[in-house]
Amino acid sequence: CLGVDFMAESVAAILERNGHGNIPVYRAAVNPIGCSLAESAERDSYRAWLQKGRESNDRVLHVVYINTSLETKAVSTSIVPTVTCTSSNVLQTMLNASAQIPDLTIMYGPDTYMGDNLVALFDAVLGKVGGVAWDDERIKRELHPAHNQASIRKLRDSIDVYPSGNCVVHHMFGSEVVRTVKEHYDDAYVTAHLEVPGEMFEIALEKSLVNRGVVGSTSNILNFISEKVDEAAAKAANVKASGDKTRLKFILGTEAGMVTSIVKSVQEILARRGCDSVEAEIVFPVAAEAVMGVEDEATGLSVVPGAGGGEGCSTAGGCATCPFMKMNDLDALNDVVDMVLTGEEDIARLRGHLPPDRLQGKMLGGVKATDLGSEPILHMRHFMKEGSMSDDLVRRITNKC
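Described below are features of the structure shown in this document. Just so we're clear, the structure is a prediction, and the values are computed from it rather than from any experiment. (Residues numbered from 1 in each chain as written. Predicted model: local features only at pLDDT ≥ 70, side-chain atom pairs only at ≥ 80, totals over all residues. Heavy atoms only, no water.)

## Focus: the sheet that holds strand S2 (residues 82–85)
Neighbouring strands of a sheet are bound in pairs by backbone hydrogen bonds; such pairs are parallel or else antiparallel. Read across the open sheet, the four strands follow the order S2-S1-S3-S4; overall the sheet is parallel. Sheet topology places S2 and strand S4 (159–161) at the edges, where each strand pairs with a single neighbour. Each strand axis lies, on average, 25 degrees off the axis of its neighbour in the sheet, ignoring direction. In this structure, strand S3 (residues 105–109) lies alongside S4, joined through three bridges in parallel fashion. Bridge assignment links Ile106 to a residue of S4, and that residue is Ile159. (Pairing = 2+ DSSP bridges. Helix = DSSP H or I, 4+ residues; strand = E, 2+ residues; numbered from the N terminus. Axes fitted to C-alpha atoms, helices over the stretch in contact; angles between N-to-C directions.)

Written out as structure tokens, the structure reads:
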């Protein structure tokens, strides 16, 4: 399993729940592969926040980011009805749940930035950002057919965001970076993942209102950049060749790893269009003190590799790459494959690559903790397949049991 520990842990639990517990799941590294965001939800303060929300509201749903440990999902489920979400489906999860269950309070965590940004997104729909509110027809057409201005306002006011959780990578898009974007890249398209800090998100949100930016998941960002490049390439094909090149600039407000998929998509579009007069420049917003210049003697050029400390994150706003995910690489994967293929002689070494088993043999409220941890994921899978919250989840919310 290429990913951080909670990913391998969840895969192993789902396999076990579906009768395939005999299939081992191995991590790429022996050392723990953590996640600052996931750890935010493992504190006592997170559990206290859930308990308070449960006691203060008649109908409450905990929407938890899937980037959390199985233990977090299990403990959360034992306190309050819980469904997992991704950055791609969190908006629709909230819209569908609130439309399906009247007078619902939605608790969102642990990613504080994403929660606050979702509230800001609803503010934009209500006209609090940009000054122009969406009418009911646009809301039904572009957001959800069961919603209107009144219901969006009610949903917005019902969201309770956990106040103390963040990802170390997205936390880097701070005030200096925002100033740089505003002062030097006003002509650029601006993209922002739902997890980036509010200032960066607000720039992209305002740009999105005039089709000069996008906010959302990595797939939303990729689709937006691809569409803009395709539009420019199509336009260039209809104009007599002049030798001039069109350069599109995109501020990438997310983890730098997705640049590979962007480059692949752009190259495919330009090849399909037979276009060599359009260029796409991807700009990573980083703080000045986190940039290290290196003189290339062969070319005389200064290259900027990112954070002065090398690969990974800088608290000053360095190259936006996750140091935990970077523990996964092809060499590590090949090592695990070799150990699996050699069989018995490497079994002891492979045990070190097994995911955490903190819930093994534990019970919560008379239910296996691993089953409780899997439940929110299964509720999400039901929603993604059927487009509605499962009957079991709705029953738990409405019966408050």
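From this point, the narrative continues.
## Observations regarding the pairing of strand S7 (residues 246–253)
Pairing of strand S5 (residues 189–193) with S7 involves four bridges; the strand directions are parallel. The residue bridging Val190 from the neighbouring strand is Ile251, located in S7. Two strands pair when backbone bridges link them, and S7 and strand S8 (residues 278–283) are joined in this way by six bridges, in the parallel orientation. Looking at the pairing, Lys249 lines up with Glu281 of S8.

## Quick notes on the sheet that holds strand S6 (residues 213–216)
The strand order S6-S5-S7-S8 describes an open sheet built from four strands, whose pairing is parallel. What marks the edges here is a single partner per strand, and that holds for S6 and S8. Strand-to-strand twist in this sheet, taken as the mean axis angle between neighbours without regard to direction, amounts to 15 degrees.

## Brief notes about the pairing of S3
Summarising burial for S3: five of the five residues are buried, a large majority. Here S3 shows two buried faces, one formed by Thr105, Met107 and Gly109 and the other by Ile106 and Tyr108. Bridging between strand S1 (residues 60–65) and S3 involves five bridges; their strand directions are parallel. Counted as the bridge partner of Val63 is Tyr108 from S3. (Buried < 20%, exposed > 50% of the residue type's maximum accessible area, 1.4 Å probe, protein only.)

## Quick look at the packing of aromatic side chains
Tallied over the full model, the rule gives five aromatic pairs. Taking 5.7 Å as the distance between ring centres and 75 degrees as the angle between the ring planes, the aromatic pair formed by Tyr189 and Phe224 counts as edge-to-face. Here Tyr189 is found in strand S5, whereas its partner Phe224 is found in helix H11 (residues 218–237), with 35 residues between them in sequence. The pair formed by Tyr189 and Phe224 is uniform in burial state, with each residue classed as buried. The ring of Trp134 carries the charged tip of Arg138 above its face, separated from the ring centre by 3.8 Å. (Phe/Tyr/Trp six-rings, centres within 6.5 Å; stacked < 30°, edge-to-face > 60°. Lys NZ or Arg CZ within 6 Å of the ring centre and 35° of its normal.)

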